[in-house]
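Each chain, letter by letter, is given below.
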Amino acid sequence: MPIEIPKDSWAGEVRTVSFGATAENGGTRSKTITVGGEKTLPFLQFEVPMPHPPVIALEIKDRRPDDWSSLLLETWGDVVDDPGEWAKAAEEAGADLLQLTLSLTDNEGKPAKPDDAVAAVKKVLEASALPLIVMGPGQAEVDNELIVPIADATKGENLALGICEDKNYRTIVAAALANDHLVTSRAPMDVNLSKQLNILITDMGLPADRIIMDPTTGALGYGIEYGYSVMERLRLAALQGDAMTQLPMMVTVGTETWKTKEAKVGEDVPEAWGDWLERSINWETLTAVSLIESGADIVVLRHPESVRRVRLAIEDLMAVPEPA
Amino acid sequence: MALTGIEIYKLLPQTNCKDCDYPTCLAFAMKLAAKQAELSACPHVSEESKAQLAASSEPPVRLVTLSANGHEAKAGNEVVLFRHEKTFYNKPGLFVRVKDDMSADEIKTKVSPADAYNVVYVGIELEMDGLAVEAVSGDPNAFAAAIRVVREVSQRPLILISKDPAVMTEGLRAIDGEKPLIYAADQDNWEAMAELALQHETSLAVFEEDLDALAALTQKLKDKGVDDLVLDSGARSLNQLLATGTQIRRLALKENFRPLGFPIITFPGDADEPAMESVLAAQSIAKYAGFIVLDTFTPELIYPLLVLRENIYTDPQKPIQVQPGLYEINDPKPDDALLVTTNFSITYFSVANEVESAGQSAWLLVTDAEGMSVLTAWAAGKFDSERIAKDVKRFEVDDKVSNKQLVLPGHVAVLSGEVEEELPDWQVRVGPREAVDLPAFIKQVLTA
Ligand code: B12
Ligand code: SF4
């Protein structure tokens, strides 16, 4: 008697979210990113096919970063001095989309100016036609000050804008509403806090299919287990029908992994850590793949080789196994 | 699957005779269900019930143990599909594979560093679990010779790989008395492999490319008396491994399907593209493998895998913590500075390792922040000026540290005013945000 394979059937499903406007939709992007739509847990294709593959973003900055691992600076070379050049290089490195993270200060250490931030975003949009996420530096007031003029200046491009957190979502959500953009909603690794924030954002009138949820993650060795489990729980809640968890998820894997000592430091570390570059790429790749398998729809990376490897992993995972 | 108290009750005599020292059969049944009593305490239970209860108390995924020379690798006994539901218990074993067409030198060059590998992550020493030896030559003597070469440089548990019983026989003879895993029985060789497993009391891997055939074969092997089985469904790609791994685990846990209630073995080493080996191994760690066979051993591959395994297998209910207290780094003097941090293991070791390996001495006050990182604890109200001041007193820091320089983590610079108020005798300084920058800070700011 053949074994009956236990299959889950779920009441709920993840929303499909798209961003990045092509000419047809009044923007200048070469394609639109579409994520979400899952009707079961990641890649369980023997139950339901995975509707959209997870996508890979490369993170770039508006100027040469002060605190990035020297390995990354070597890999990217001089393009880090120009966001446009960097965007082009990132597109060539095989990213599906870009995340531009704004800096808190300019090259001289003075507070970042809104005009410069807008100029950087425009440069990126001109240099690369990939869909774009723009993130503020992560300080509530500065984020608002920089993101609002960007939202105004890029109306029609259908960007994703962040960081919306519980204490600081109104201004950015309002700017996204007014200019047809999306937002990313970040809560600190907690199912209820994620839900709560999504409720607050939709209460302002932004449709849920214009929110990408960022449940926050930690790197391998620095809290990945919390990120991994909270994403599994959020996805299970979504499938069980909890509407305010039914959003695609993004995770900033590159930011987290490249600040670990393993990735940042090459000297005076234990010999058992092995080759610095290969270790760092493994650190980023394994963090990304683990989180993709626990539900991430967008992973934001920093190293081109990690992009290549994560891409191979996604292609393999998307292949539908031969029926047994 | 474990029975509920009521289900157990139905199997008891239901006379409430109290011979078990519980007031009623039901009370006893509840204790049994909670695993707080032993069935043997009831002298009246029937043989038939005993058998049923014994079967139901078997774990849904059988525990399989490989052992050699004082080393062990265990897999199985898992009870959940998702780690947040309870926890994952037995970390999958990481094995490095050599083949019997390699020269003795090649084998040693590969095995020795894997055997000696040791890395410390948050105070825990992590090592490889064992080695796999594969017969590709087809020559029983070459196989045995390769195994002996491995044994010259490593005493860890082995997985012996050959589907030819004659080859396997010689291989087992080379390590008589050990408990390796032999790989693998299939529909052609299963009887001879079962003989070998029984004769040498080893566990036995079973290979069949579809789950029906796999389950049918494990049944036959169990009927022969081989209990310690390990499954290989033939899956080698990420998508197949995820699908079959999930199906096997679900069948075992949700349907209590005995024929597939065994640990799974995977072979990331078979990957076509070398970079995918690490990805396949990472998936195996999170998604249900019990034994993982790699072809590549390099520290830069193994270290992240061992850390991932540690992370996925921590108990989600309790973060790994260290004891709060005043720690001494490199024999500090009374005039060395006092660094303050929390008792989350990762946090503590990040700070302590940095200062220690820089050869600097300092006092490190590890406050009781309920095992949380600096920012998490701060956001949760478990790391504030009051707690810091309380622990300064509780651990009698004033008696040991005369210089009265207290360094706060850079991430909680906002606390400095309040800490000054709580501890007026102390000069409060804000350190760098990341521990990596601490040695420079100590050198340039504190001792300048
Ligand atoms: C993992 C994690 C959790 C885990 C807990 C892990 C744990 N055991 O602590 C969980 C999921 C449980 C959690 C919960 C919460 N979290 Co949390 N969490 C994180 C996360 C992702 C990583 C933290 C971590 O482990 N870092 C690694 C350790 C090693 O870092 P560390 O302790 O800071 O140590 C470093 C430095 O501080 C320095 N250092 C340490 N000691 C010292 C000492 C000196 C003298 C010096 C100089 C330096 C120094 O060295 C270390 C290495 O560089 C961060 C976000 C992030 N990616 O950083 C959020 C984060 C810390 N969490 C946050 C919050 C708000 C919470 C919650 C309050 C949310 C909520 N309301 O539920 C809860 C609180 C817990 C509770 N109520 O029980 C916020 C804090 C925001 C803020 N700035 O105030 C963060 C920053 C996320 C965010 N962006 O919103 N969290
Ligand atoms: S000894 Fe057995 S029969 Fe007697 S009360 Fe206990 S469980 Fe019931």
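As shown above, the structure is provided for reference.
Rules of the game
- Residues numbered from 1 in each chain as written.
- Chains lettered and ligands numbered in written order.
- Predicted model: local features only at pLDDT ≥ 70, side-chain atom pairs only at ≥ 80, totals over all residues.
- Heavy atoms only, no water.
- Helix = DSSP H or I, 4+ residues; strand = E, 2+ residues; numbered from the N terminus.
- Contact = heavy atoms within 4.5 Å.
- Axes fitted to C-alpha atoms, helices over the stretch in contact; angles between N-to-C directions.
- Left-handed = near helix turned anticlockwise from the far one by under 90°.
- Core = buried A, V, L, I, M, F, W, Y, C linked by side-chain atoms within 4.5 Å.
- Buried < 20%, exposed > 50% of the residue type's maximum accessible area, 1.4 Å probe, protein only.
- Domains from an automatic or database assignment.
- Polar contact = N/O pair within 3.5 Å; in protein donor to acceptor, adjacent residues only side chain to side chain.
- Near = heavy atom within 4 Å.
- Nonpolar A, V, L, I, M, F, W, Y, C, P; charged D, E, K, R; others polar.
- Pairing = 2+ DSSP bridges.
- Expected span 1.5 Å × (residues − 1).
- Salt bridge = Lys/Arg side-chain N within 4 Å of Asp/Glu carboxyl O.

**Student:** Hey, could you run me through the environment of A:Ala89 in this one?
**Tutor:** Residue and element names in this part refer to chain A. Looking at the element boundaries, Ala-89 is found in helix 2 (residues 83-92). A sequence separation of 39 residues divides Ala-89 from Ser-128, and the C-alpha atoms of the two residues are 9.0 Å apart. The contacts of Ala-89, once residues within four sequence positions are left out, are Trp-76 and Val-79.

**Student:** Help me out: how do you make sense of the packing of helix 10 (residues 276-293) of chain A against helix 11 (residues 299-312) of chain B in this one?
**Tutor:** Working note: a packed helix pair is described by the angle between its axes plus the distance between those axes. Packing of helix 10 of chain A against helix 11 of chain B leaves a shortest axis separation of 9 Å and a crossing angle of 35 degrees. Crossing of helix 10 of chain A over helix 11 of chain B shows right-handed handedness. In contact with A:Glu278, A:Arg279, A:Asn282, A:Trp283, A:Leu286 and A:Ser290 of helix 10 of chain A, helix 11 of chain B contributes B:Glu300, B:Leu301, B:Tyr303, B:Pro304, B:Leu305, B:Val307 and B:Leu308.

**Student:** Which parts of the structure should I look at to understand the nonpolar core?
**Tutor:** When a protein is soluble and globular, its nonpolar side chains tend to lie buried together. Core analysis: the biggest nonpolar cluster contains 188 residues, and A:Val299, B:Leu160 and B:Leu221 have the highest contact counts within it. Two domains each put at least three residues into this core: domain 2 (64-313) and domain 3 (325-446) of chain B. With near-sequence residues (within four places) excluded, B:Leu221 lies in contact with B:Ala185, B:Trp190, B:Ala194, B:Leu204, B:Val206, B:Val226 and B:Leu229. In terms of nonpolar packing, the next biggest core, distinct from the first, is built from 24 residues, B:Ala389, B:Leu406, B:Leu408 and B:Leu415 among them.

**Student:** What is the right way to read the side chain of B:Glu134 from this model?
**Tutor:** All names here are of chain B. With respect to the secondary-structure elements, Glu-134 resides in strand 6 (residues 130-134). Judged by relative accessible area, which is 17%, Glu-134 ranks as buried. One polar contact links Glu-134 to Arg-97, side chain to side chain, over a distance of 3.1 Å. Aside from chain neighbours lying at most four places away, what touches Glu-134 is Arg-97, Val-98, Lys-99, Asp-100, Phe-143 and Ile-161.

**Student:** Help me understand the site of ligand 2, please; the structure alone is not making it clear to me.
**Tutor:** Every residue near ligand 2 is listed here: B:Pro13, B:Thr15, B:Asn16, B:Cys17, B:Lys18, B:Asp19, B:Cys20, B:Cys25, B:Phe28, B:Cys42, B:Pro43 and B:His44. Each residue belonging to the shell around ligand 2 can be placed in one class, and the counts come to seven nonpolar, three polar and two charged.

**Student:** I'm lost on the side chain of B:Arg151 in this one. Help?
**Tutor:** All names here are of chain B. With respect to the helices, strands and loops of the structure, Arg-151 is situated in helix 5 (residues 140-153). Owing to a relative accessible area of 11%, Arg-151 belongs among the buried residues under this scheme. Once residues within four sequence positions are removed from consideration, Arg-151 is found in contact with Ala-68, Asn-69, Arg-156, Pro-157, Leu-158, Ile-175 and Glu-178.

**Student:** Please explain the site of ligand 1 as it appears in this structure.
**Tutor:** The local shell around ligand 1 holds 36 residues, among which B:Thr341, B:Thr347, B:Ser373, B:Val374 and B:Glu434 are the closest. Positioned at a junction of chains, ligand 1 has nearby residues supplied by chains A and B. In the model, a nitrogen atom of ligand 1 is placed 2.7 Å from a nitrogen or oxygen of the B:Thr341 side chain. Within the side chain of B:Thr347, an N or O atom sits 2.6 Å from an oxygen atom of ligand 1. At the level of elements, strand 14 (338-342), helix 12 (345-357), helix 13 (374-379) and strand 16 (405-408) of chain B are the ones that each hand at least two residues to the shell around ligand 1.

**Student:** Looking at this model, I keep getting lost on the sheet that holds strand 10 (residues 229-232) of chain B. Mind explaining?
**Tutor:** The strands making up a sheet are joined through hydrogen bonds of the backbone, oriented either antiparallel or parallel. Residues and elements named next belong to chain B. With parallel pairing, the eight strands of this open sheet are ordered in space as 10-9-8-7-6-3-12-11. In this open sheet, the two edge strands, each paired with only one partner strand, are strand 10 and strand 11 (265-266). As defined by bridge partners, strand 6 adjoins strand 7 (residues 158-161) across four bridges and the pair is classed as parallel. Within strand 7, the position partnered with Val-133 by the bridge is Leu-160.

**Student:** Help me understand helix 10 of chain A in this model?
**Tutor:** Structurally, the α-helix is built with 3.6 residues per turn, so residues lying three or four positions apart point the same way. Residues and elements named next belong to chain A. Over its 18 residues, helix 10 extends 26 Å from the first C-alpha to the last, a length consistent with the 26 Å expected when each residue adds 1.5 Å. Where helix 10 starts, the residue carrying a side-chain oxygen 3.4 Å from the main-chain nitrogen of Leu-277 turns out to be Asp-275. Trailing helix 10 by a residue or two, Gly-295 shows a phi angle of about 130 degrees, which is positive.

**Student:** Looking at this model, I keep getting lost on the pattern of salt bridges. Mind explaining?
**Tutor:** For side chains of opposite charge, pairing can occur when their charged atoms come near one another. Inspection of every chain in the model, using the stated rule, returns 45 salt bridges over all chains. The partner of A:Glu157 in a salt bridge is A:Arg29, with the nearest N and O atoms 3.3 Å apart. Here the residue A:Glu157 occupies a position in the loop between helix 4 (140-153) and strand 6 (160-164), and A:Arg29 occupies one in the loop between strand 1 (16-19) and strand 2 (33-36), the gap between them amounting to 128 residues. When sorted by exposure, A:Glu157 lands in the same class as A:Arg29, which is buried. With a closest N to O distance of 3.0 Å, B:Glu310 and B:Lys91 form a salt bridge. Here B:Glu310 is found in helix 11, whereas its partner B:Lys91 is found in the loop between strand 2 (71-75) and strand 3 (93-99), with 219 residues between them in sequence.

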